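Descriptive analysis of the structure
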Amino acid sequence: MRTAAETEVRRPSAVRALTSLLAVTAAATVVVELLNWWYAPEQGFGLAVRTGWAMLRSLGFLVLIGHVRRGRTVARPFGLILAVTTVFAVARLIVPRQGVPPLPGVLGFALLTGLCGAVVWLLYRSPALAGHLVWHRPRLVIDRSGFSWREVPPRRPEASGWLLTSRVAAFTYSPLMLVPALVAGGAVLDGRLIAVPAVLIWFGAGVVTSYAVLLCTAFLMRGRRWARGLLVAVTAVVLAVDLPLCRWLLGVDGLVRDGGPLVAAAAVALYGLYRATRAEQATSTPTPFTG
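Residues numbered from 1 in each chain as written. Predicted model: local features only at pLDDT ≥ 70, side-chain atom pairs only at ≥ 80, totals over all residues. Heavy atoms only, no water.

1. Observations regarding the overall build of the chain
Put simply, the test is: Going along the chain from the N terminus, every DSSP run of H or I of four or more residues is numbered as a helix, and every run of E of two or more is numbered as a strand. Any two residues having at least one pair of non-hydrogen atoms within 4.5 Å are treated as being in contact. Under the convention used here, a 1.4 Å probe and the Shrake-Rupley method define accessible areas, while residue burial counts only the protein chains that appear.
Tallying secondary structure elements over the chain gives 10 helices and two strands in all. For the chain, the sequential pattern of α-helices and β-strands runs α-α-α-α-α-α-β-β-α-α-α-α. Sequence separation of at least 24 residues holds for 75% of the intrachain contacts in the chain that already meet a minimum separation of 6. Element-wise, carbon and sulfur atoms account for 68% of the exposed surface of the chain, whose accessible area totals about 15200 Å².

Below, the structure is given as structure tokens:
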């Protein structure tokens, strides 16, 4: 098993290339969002909330740099869902309510899409990175020598990469619900008092979703088969609550801008479950006797 010290010293060139690419992507995210804000015809409360949330993703790329440098296995699924949701988050902001997007916003979106695609390609297609991203999360260990904080292999069977992808994608459900709920709160400030109960329910559903996903994925990582069905059910309920509220309180524009990223995250989570199940079925199927 590779130790943390070995992971720190023996970094292949692909790791350095990826960390540089992630730093450029984080900076490009901020620049594209500022350009979109500058050229937006309407700089209202909703755009401010969505822009702030999208710019927070630049911090996500910085966190991903730390995972990659430390060789952590979670870097792949985290990078995938971060890249996918970033593309959707930026796409929903460059398209105005009327007319065509400004040329700087379109060029910035194309650049950011290319950077995110390159990040995903390196994470999943580079053999050097595949051999580097093998480090487990450090934990507090108590043994005869005392207390120490070091890498230890998991006690349970290691989860597949697709299950980790589903887990990371599901963790985005709650923030992707809370952001449009906060945007809808602006409608309450504009005098739509009838929307107050719906906005409160929306906020509550977003908070409850975070706990439901945490419980579900905890058992999912422990190999409980029923947890997969539970995650599918949670995903269906999240979509059934969020999408109609987006349509009612934010209109078709809000349904596309705020419902689209959630649908993308749900698709990644469900596809990860599907691929994990197929892989397990393939490994458990006995080889036919040909002798």
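That covers the picture; the talk isn't over yet.
2. A closer look at the nonpolar core
Heads up, the condition is: What makes a nonpolar core is a set of buried Ala, Val, Leu, Ile, Met, Phe, Trp, Tyr and Cys residues whose side-chain atoms join them at distances within 4.5 Å. Here the term buried applies to any residue with accessible area under 20% of the maximum for its type, exposed to any over 50%, and partly exposed to those in between, with areas from a 1.4 Å probe on protein chains only.
Core analysis: the largest hydrophobic core is formed by 39 residues, its most contacted members being Tyr-173, Trp-202, Leu-220 and Leu-249. Of all the secondary-structure elements, those providing two or more residues to this core are α4 (75-94), α7 (161-171), α8 (173-189), α9 (196-220) and α10 (225-284). With 15 residues, α10 is the single largest residue contributor to this core. Excluding residues within four positions of it along the chain, Tyr-173 makes contact with Thr-209, Val-213, Thr-235, Val-238, Leu-262, Ala-265, Ala-266 and Ala-269. If you look at the next biggest cluster of nonpolar residues, it comprises 25 residues, including Val-68, Leu-82, Leu-112 and Leu-133.

3. Looking at the packing of α7 against α9
The cut-off we apply is this: Where helices are involved, their axes are fitted lines through C-alpha atoms of the stretch in contact, as for all axes, and angles between N-to-C directions lie from 0 to 180°. What sets the label is the angle itself: under 35 degrees gives roughly parallel, over 145 gives roughly antiparallel, 65 to 115 gives roughly perpendicular, and the rest give oblique. Residue polarity follows a fixed list, in which Ala, Val, Leu, Ile, Met, Phe, Trp, Tyr, Cys and Pro are nonpolar, Asp, Glu, Lys and Arg are charged, and the others, Gly among them, are polar.
Axis separation between α7 and α9 bottoms out at 10 Å; the angle between their running directions is 175°. Considered as vectors, α7 and α9 are oriented roughly antiparallel to each other. Contacts between α7 and α9 involve Leu-163, Arg-167, Ala-170 and Phe-171 from the first element and Val-213, Leu-214, Thr-217 and Leu-220 from the second. Partitioning the contact of α7 with α9 into residue classes produces six nonpolar, one polar and one charged.

4. Quick look at the side chain of Thr-172
For the record, the criterion: Between N or O atoms, a polar contact is any pair within 3.5 Å; within protein, one atom must be a potential hydrogen donor and the other a potential acceptor, and residues adjacent in sequence are included only when both atoms are from side chains.
When you line up the elements, Thr-172 lands in the loop between α7 and α8. On the basis of relative accessibility, which here comes to 18%, the residue Thr-172 falls in the buried class. Within the local environment of Thr-172, its side chain forms a polar contact with the backbone oxygen of Ala-169, the two atoms lying 2.5 Å apart. Aside from chain neighbours lying at most four places away, what touches Thr-172 is Ile-81 and Ala-265.

5. Observations concerning the packing of helix α2 (residues 13-39) against helix α3 (residues 45-69)
Look at α2 against α3: their axes get within 9 Å of each other, and the N-to-C directions meet at 170°. When the interaxial angle is binned, α2 and α3 end up roughly antiparallel.

6. A short note on the packing of aromatic side chains
We count it as follows: Any Phe, Tyr or Trp ring, taking Trp's six-membered ring, that has another such ring centre within 6.5 Å forms a pair; planes under 30 degrees apart are called stacked, those over 60 apart edge-to-face, and the others tilted. The criterion for a charge sitting over a ring is simple: Lys NZ or Arg CZ within 6 Å of the ring centre, and within 35 degrees of the ring normal.
Under the definition given, this model contains three aromatic pairs. Judged by centre distance (5.0 Å) and plane angle (45°), the ring pair of Phe-219 and Trp-226 falls under tilted. By relative accessible area, which is 29% here, Phe-219 ends up partly exposed. Residues Tyr-271 and Tyr-274 carry aromatic rings whose centres are separated by 6.3 Å and whose planes lie at 35° to one another, so their mutual orientation is tilted. Here the residue Tyr-271 and the residue Tyr-274 both occupy positions in helix α10, the gap between them amounting to three residues, near one helical turn. The exposure class of Tyr-271 is partly exposed, given its relative accessible area of 41%. With relative accessibility at 43%, the residue Tyr-274 sits in the partly exposed group. One aromatic cluster in this structure is built from Trp-162, Tyr-271 and Tyr-274. Stacked on the ring of Tyr-124, the Lys or Arg Arg-76 has its end atom at 5.6 Å from the ring centre.

7. Points about the confidence of the model for the chain
Filter applied, for reference: Scored from 0 to 100, pLDDT records how confident the predictor is in each individual residue.
With 78% of its residues at a pLDDT of 70 or more, the chain shows a mean pLDDT of 80. Within the chain, helix α1 (residues 4-9) has the poorest average pLDDT of any element, 46, and α9 the best, 91. Here residues 1-8 scores under 50 on pLDDT; set against residues more than four positions off or in separate chains, the count is 18 contacts.

8. Brief notes about α9
Defined as follows: Each helix should span, by expectation, one fewer than its residue count multiplied by 1.5 Å.
For α9, built from 25 residues, the straight-helix expectation of 36 Å at 1.5 Å per residue is met to within 8% by its first-to-last C-alpha distance of 36 Å. Within α9 the residues assigned to the buried category are Ala-198, Val-199, Trp-202, Ala-205, Gly-206, Thr-209, Val-213, Cys-216, Thr-217 and Leu-220.

9. A few points about the environment of Pro-101
With respect to the element layout, Pro-101 can be found in the loop between α4 and α5 (103-125). Put simply, Pro-101 and Asn-36 are 65 residues apart on the chain and 9.2 Å apart in space, counted from C-alpha to C-alpha.

10. Some words on the environment of Val-120
Relative to the elements of secondary structure, Val-120 occurs in helix α5. Between the C-alpha atoms of Val-120 and Ile-81, which are 39 residues apart in sequence, the distance is 9.4 Å. Those residues in contact with Val-120, other than ones at most four positions away along the chain, are Gly-79, Leu-80 and Ala-83.

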